[in-house]
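# Structural overview for review
Each chain, letter by letter, is given below.
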Amino acid sequence: MIIQHDYVFVIHLFAVALLSAAFSYYFCKDAIINHSVGYLRVSFGLKAAVFCTFIIGLSGYFFIHWSWSGLILGIFLSFLITLSLIHPKYAISFFTFMMISRPWEFVEAELFSSFPRDFFYICALSFIAHSLIQKKFYFRWNLACTFTLGYAVWSFFSVFVTVNPNYFLYEYMEVFSKGIIIYFLIVNIVDREDYIYPIQVALVTAILEKAVTSFYKSVVLGITADGDRLTSVGILENSNDIAAILILSVPFLLARFRKGISTPLKVIIYSLILTLYSYLIWESKSRGAILGFGVLFIVWIFINLKSLKQIITTSVIGLAILLGLILSVQRDSGDINESTNNRITYWKAGMKMGLKNPILGVGYSNFQMKLFEYTDGHVGSEGRYKTVHSNWILPWAESGIPGFILYMSIWITCLFYSWRLRFAHPEFIMALASYGVAITFLTHTYMLYPWILLAIITSSIKFNSSNARNHLLSEERSQSSSLLKGAWNV
């Protein structure tokens with residue numbers, strides 16, 4: 001039973017409603033342009049009856065557990081679950097949304113505790129069923145997938161050199177493996193270029209929920225972190241973390257309004273988005289996030305300007321402005337110096353760990369356990385159980401030189417992919433560069449967010465070649481032809 005309807009719950013409810021509206025649009029679009037979901041020989045009436053039955057049945061199930069207090073949320077969840085069972089692109093999108101939104105962290109409802117496991121099962125079931133129906137008995141694979149699997153396997157082996165292999169094996173399966181699983185699900189579910197859009201919308205909507213929550217909590221209610229900094233809820237309560245994922249979502253959010261909207265309206269929408277997110281990132285007072293946000297615009301300029309002179313001039317001016325903004329961050333000078341010194345301490349310790357343990361590092365998630373040992377007891381002002389605060393040094397420290405090479409190879413490969421896609425999808429390279437800069441000062445290596453970004457880029461590269469596009473057009477003509485012959489019995 002849901003105990004209370006506070007502002008976090010209400011914001012989550014609106015986010016779920018927004019996601020339902022977006023999925024409804026894509027679902028109707030699929031129906032109109034005859035992109036079937038694999039049930040060509042089933043009559044429209046039967047499909048509609050089954051669809052409604054699932055929604056009503058699931059709504060009743062949620063009503064039994066949550067009563068009237070969770071009725072509306074239950075209806076929206078029922079609709080999204082039903083769509084997830086119809087097609088895996090909705091399943092992986094909904095799973096992505098829930099893993100970022102994480103309502104079980106702020107809603108007092110017993111049923112929410114099983115949601116991560118339940119939604120994963122729904123996603124896996126939808127993917128397997130769709131593969132069987134479509135007779136797709138293969139996995140999509142490319143160079144980035146090879147490096148990702150290699151890094152996941154090497155990190156798994158590193159578990160056995162940790163101080164407590166049983167505990168950290170459990171943590172590996174509960175935390176890191178979910179990001180890897182989502183990565184490979186996205187890569188294999190995205191069979192068409194337009195399948196990526198529901199995933200992007202789910203990512204944007206979940207992070208928008210966190211943005212609104214942060215704004216309401218910090219600005220309206222005045223609940224801030226130390227130093228009067230922006231804060232959120234749950235796993236993203238930290239000012240630096242929430243600022244980093246806001247940066248991740250901005251390019252995808254802007255990309256949703258790139259086509260089909262008149263220029264004046266587009267300018268207004270862009271201005272509102274950038275104003276809100278710029279304000280929130282500024283209020284986070286995260287120097288790394290502000291630097292990453294600036295890099296986002298520099299990359300955009302680099303893509304769009306044609307003259308080398310224009311690129312150099314604009315980049316220099318942009319970097320100067322960016323440096324001025326970072327220096328003007330209003331945090332206590334003692335706090336800034338202390339934070340800087342602590343990070344330098346952690347980075348030095350991380351480098352020592354990788355050098356002294358070049359094969360497997362100190363083991364998965366063991367930086368905190370080994371920090372005191374590799375700093376000779378001088379762990380800084382924040383205590384001995386702190387992370388390295390660098391997305392790139394952590395693989396070096398915890399999985400050794402092979403793990404570091406594999407991890408960096410994933411990012412370098414995806415950077416190459418995003419560069420090839422820069423004109424069709426400029427949001428990819430903008431997100432990769434800006435978010436990559438932001439997490440240089442954070443530890444997101446095992447978190448879900450980078451793996452979603454890397455999966456979106458990896459799954460999209462196969463649509464870049466003319467052969468792939470011709471193949472898709474051929475599939476569309478074939479499907480249209482079969483439909484004209486009476487495959488649908490409406």
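Going by the structure above, here's the rest.
These numbers come from a predicted model, not from an experiment. (Residues numbered from 1 in each chain as written. Predicted model: local features only at pLDDT ≥ 70, side-chain atom pairs only at ≥ 80, totals over all residues. Heavy atoms only, no water.)

## Section: the environment of Leu 448
Turning to its location among the elements, Leu 448 is positioned in helix 17 (residues 448–460). On a C-alpha basis, the gap between Leu 448 and Tyr 183 in space is 9.0 Å, while along the polypeptide they are 265 residues apart. If we skip the residues at most four places from it in the chain, Leu 448 touches Met 99, Ile 100, Lys 178, Gly 179 and Ile 182. (Helix = DSSP H or I, 4+ residues; strand = E, 2+ residues; numbered from the N terminus. Contact = heavy atoms within 4.5 Å.)

## What about the pattern of salt bridges?
Think of it this way: side chains of opposite charge can pair up when their charged atoms draw near. On inspection of all chains with the given rule, the structure shows 9 salt bridges. Its salt-bridge partner being Asp 191, residue Lys 136 comes within 2.7 Å of it at the nearest N-O pair. One end of the pair, Lys 136, is in the loop between helix 5 (115–134) and helix 6 (143–158); the other, Asp 191, is in the loop between helix 7 (165–189) and helix 8 (196–220), with 55 residues separating them in the sequence. Residue Asp 191 is classed as buried on the basis of its relative accessible area, which comes to 10%. One network of salt bridges, in which partners are shared, links Lys 136, Arg 140 and Asp 191. (Salt bridge = Lys/Arg side-chain N within 4 Å of Asp/Glu carboxyl O. Buried < 20%, exposed > 50% of the residue type's maximum accessible area, 1.4 Å probe, protein only.)

## A few points about helix 9 (residues 239–255)
Between its first and last C-alpha, helix 9 extends 25 Å over 17 residues, near the 24 Å set by a 1.5 Å rise per residue. Along helix 9, the sharpest kink reaches roughly 30 degrees, centred on Ser 249 and followed within four residues by the proline Pro 251. Along helix 9, 17 of the 17 residues are buried, which leaves the element largely enclosed by surrounding structure. With a side-chain oxygen positioned 2.8 Å from the backbone nitrogen of Asn 240, the residue opening helix 9 is Asn 238. (Expected span 1.5 Å × (residues − 1). Bend = angle between axes of the 7 residues up to and from the residue. Polar contact = N/O pair within 3.5 Å; in protein donor to acceptor, adjacent residues only side chain to side chain.)

## A short note on the packing of aromatic side chains
Inspection of every chain in the model, using the stated rule, returns 42 aromatic pairs. Plain terms: the ring middles of Trp 66 and Phe 115 are 6.4 Å apart, the flat faces sit at 55 degrees to each other, and that makes the pair tilted. Placement of the pair is Trp 66 in helix 2 (residues 44–66) and Phe 115 in helix 5, with a sequence separation of 49 residues. Residues Trp 66 and Phe 115 agree in their burial class; the two are buried. Over the aromatic face of Trp 419 sits the side chain of Arg 422, whose NZ or CZ is 3.9 Å from the ring centroid. (Phe/Tyr/Trp six-rings, centres within 6.5 Å; stacked < 30°, edge-to-face > 60°. Lys NZ or Arg CZ within 6 Å of the ring centre and 35° of its normal.)

## Observations concerning helix 6
Counting along an α-helix, one turn takes 3.6 residues, and residues three or four places apart therefore face a common direction. The terminal C-alpha atoms of helix 6, which comprises 16 residues, lie 23 Å apart, in line with the 22 Å expected from a rise of 1.5 Å per residue. Three or more residues of helix 6 are buried, namely Ala 144, Cys 145, Phe 147, Thr 148, Tyr 151, Ala 152, Ser 155 and Ser 158. Around the axis of helix 6, the buried residues are gathered within 165 degrees of arc, so they sit on the same side. Elements in contact with the buried residues of helix 6: helix 7, helix 15 (393–420) and helix 17. (Arc of directions from axis to C-beta.)

## Structural notes on the packing of helix 16 (residues 426–438) against helix 17
It is the contact of helix 16 with helix 17, at a shortest axis distance of 11 Å, that shows an interaxial angle of 150 degrees. Here helix 17 runs roughly antiparallel to helix 16, going by the angle between their axes. In terms of crossing hand, the pair formed by helix 16 and helix 17 is left-handed. Between helix 16, through Phe 428, Ala 431, Leu 432 and Tyr 435, and helix 17, the contact on the second element is made entirely by Tyr 449, Pro 450, Leu 453, Leu 454, Ile 456, Ile 457 and Ser 460. Among the residues making up the contact of helix 16 with helix 17, the classes are represented as 10 nonpolar, 1 polar and no charged. (Axes fitted to C-alpha atoms, helices over the stretch in contact; angles between N-to-C directions. Parallel < 35°, antiparallel > 145°, perpendicular 65-115°, else oblique. Left-handed = near helix turned anticlockwise from the far one by under 90°. Nonpolar A, V, L, I, M, F, W, Y, C, P; charged D, E, K, R; others polar.)

## Overview of unusual backbone geometry
With a phi angle near 50 degrees, Arg 102 is a residue other than glycine that sits in the positive phi range. Mapped onto the secondary structure, Arg 102 falls in the loop between helix 4 (88–101) and helix 5. The class of Arg 102 is buried, set by a relative accessible area of 18%. Phi is positive for Lys 285, close to 55 degrees, though the residue is something other than glycine. Inspection of the secondary structure assignment puts Lys 285 in the loop between helix 10 (263–284) and helix 11 (287–304).

## A look at the state of the cysteines
The final tally for this structure, using the stated rule, is 0 disulfides. Between Cys 145, a free cysteine, and Cys 414, which holds the nearest cysteine sulfur, the sulfur-to-sulfur gap is 8.7 Å. (Disulfide = S-S within 2.5 Å.)

## Side note on a nonpolar patch on the surface
Taken together, Phe 215, Tyr 216, Val 219, Val 220, Leu 221, Ile 223 and Tyr 279 make up a surface patch of nonpolar side chains, about 550 Å² in accessible area. Top contributing element to the nonpolar patch by residue count: helix 8, with 4 residues. Structurally, the position occupied by Val 219 is in helix 8. (Patch = residues over 30% accessible without salt bridge, like charges linked within 9 Å, V, L, I, M, F, W, Y side chains within 5 Å. Areas by Shrake-Rupley, 256 points an atom, 1.4 Å probe, with all protein chains shown as cover.)

## Some details on the side chain of His 444
Among the secondary structure elements, His 444 is positioned in the loop between helix 16 and helix 17. A residue is classified by how much of its surface remains accessible, and His 444, at 0% relative accessible area, is buried. Non-local contacts of His 444, meaning those with residues more than four positions away in its chain, are made with Asp 241, Ala 244, Ile 245, Asn 391, Tyr 435, Ile 439, Tyr 449 and Pro 450.

## Focus: the packing of helix 8 against helix 17
Helix 17 packs onto helix 8 with a crossing angle of 165 degrees between their chain directions and a minimal axis gap of 11 Å. On the basis of their axis angle, the class for helix 8 and helix 17 is roughly antiparallel. Regarding helix 8 and helix 17, the two cross each other, and that crossing is left-handed. On helix 17, the residues that touch Ile 196, Ile 199, Gln 200 and Leu 203 of helix 8 are Ile 452, Ile 456, Ser 459 and Ser 460. Partitioning the contact of helix 8 with helix 17 into residue classes produces 5 nonpolar, 3 polar and no charged.

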